[in-house]
Amino acid sequence: MSALDGLHGRYVLGRRVRVLAHRLSRLVPAGADVLDVGSGDGEVAHALMLERPDVRAEGLDVLVRSGARIPVRHFDGRTIPAAGRSVGTVLLIDVMHHADDPAALLREAGRVARDAVVVKDHLADGFLAVPTLRFMDRVGNARHGVRLPYRYLRRPEWEAAIAGAGLRIDAWEERLGLYPAPATWLFDRGLHFVARLVPSAGR
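Residues numbered from 1 in each chain as written. Predicted model: local features only at pLDDT ≥ 70, side-chain atom pairs only at ≥ 80, totals over all residues. Heavy atoms only, no water.

J.: How should I be thinking about the environment of valine 95 in this particular structure?
T.: Looking at where valine 95 falls in the secondary structure, it is placed in the loop between strand S4 (87-93) and helix H3 (102-112). With 45 residues separating them along the chain, valine 95 and leucine 50 place their C-alpha atoms 22 Å apart. With residues near it in sequence (within four places) discarded, valine 95 still touches Val37, Gly38 and Asp121. (Helix = DSSP H or I, 4+ residues; strand = E, 2+ residues; numbered from the N terminus. Contact = heavy atoms within 4.5 Å.)

Written out as structure tokens, the structure reads:
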């Protein structure tokens, strides 16, 4: 482990989990059965359940890690193994930019979700946004063997993908405060969002 990895683990990961769990707790519907697609170690979903005891979560991932905090099943990264509208809420937490086709994965989430799709991901808008996001991705994921295709979307591309998935934006938040100062000035600055997407009328 490099010194940079050590700093990331000590000062970033714990805060990120806490902040994300709190943000998600306000977006996940009451009593939701949650499918966390790209769940990784399951820490975020586990923290969400601690904050929201009415929620139950299981995960899917292309890399099933030993010791994950929630039950995790393997999937191929493209097709979610669930029937249409069979899952209350689908979580996509920092996973879509790792997908071969982010819009297709969002369509899959929209297909299986009955109530909502909750997304946390990046915005590739603004000065040096993409180089900054690539750096964060390498630090956070390379050591776990996660593929890094760096498929970041700009806001108009997100809006098109959301509409194409038969979803609409019900809530959208930016500047999430994931990082402590002074890192927040470089790594938060409008590069992140969390959103609750719900089925469009007539879907």
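We are not done yet, so read on.
J.: Explanation requested: the packing of aromatic side chains in the structure shown.
T.: Within a pair of aromatic rings, the relevant descriptors are the distance that separates the centres and the angle that separates the planes. Throughout the structure, instances matching the rule amount to five aromatic pairs. Judged by centre distance (6.2 Å) and plane angle (45 degrees), the ring pair of tyrosine 150 and tyrosine 152 falls under tilted. The pair tyrosine 150 / tyrosine 152 is uniform in exposure class, with both members buried. A centroid spacing of 5.8 Å and a plane angle of 55 degrees characterise the contact between tyrosine 179 and phenylalanine 187, whose relative ring orientation is tilted. Exposure remark for tyrosine 179: the relative accessible area of 12% places this residue in the buried category. (Phe/Tyr/Trp six-rings, centres within 6.5 Å; stacked < 30°, edge-to-face > 60°. Buried < 20%, exposed > 50% of the residue type's maximum accessible area, 1.4 Å probe, protein only.)

J.: It is not clear to me how the nonpolar core should be interpreted in this structure. Could you clarify?
T.: General note: in soluble globular proteins, nonpolar side chains tend to be found buried as a group. Membership of the largest hydrophobic core comes to 34 residues, with the highest contact counts inside it found for Leu24, Val28, Val34, Leu91 and Val118. Sorting the residues of this core by element identifies helix H1 (3-25), helix H2 (43-51), S4 and helix H4 (129-141) as the ones contributing at least two each. Ignoring anything within four residues of it in the chain, the contact list for valine 28 reads Val34, Leu48, Arg52, Val55, Thr89, Leu91 and Val118. In this structure, Val37, Met96, Val117 and Ile162 belong to the second largest nonpolar core, which totals 29 residues. (Core = buried A, V, L, I, M, F, W, Y, C linked by side-chain atoms within 4.5 Å.)

J.: Would you take a moment to explain the pairing of strand S2 (residues 56-61) for this structure?
T.: The side chains of a regular strand alternate, residue by residue, between the two faces of the sheet. In this sheet, S2 lies alongside strand S1 (residues 33-37) in parallel orientation, the contact comprising five bridges. Bridging across to S2, valine 37 finds its partner in leucine 60. Crossover connection from S1 via H2 to parallel S2: handedness right-handed. In the sheet, S2 pairs with strand S3 (residues 72-74) via three bridges, with the strands oriented parallel. By the bridge assignment for S3, aspartate 61 is matched with histidine 74. (Pairing = 2+ DSSP bridges. Right-handed = clockwise from strand over helix to strand, strands pointing away.)

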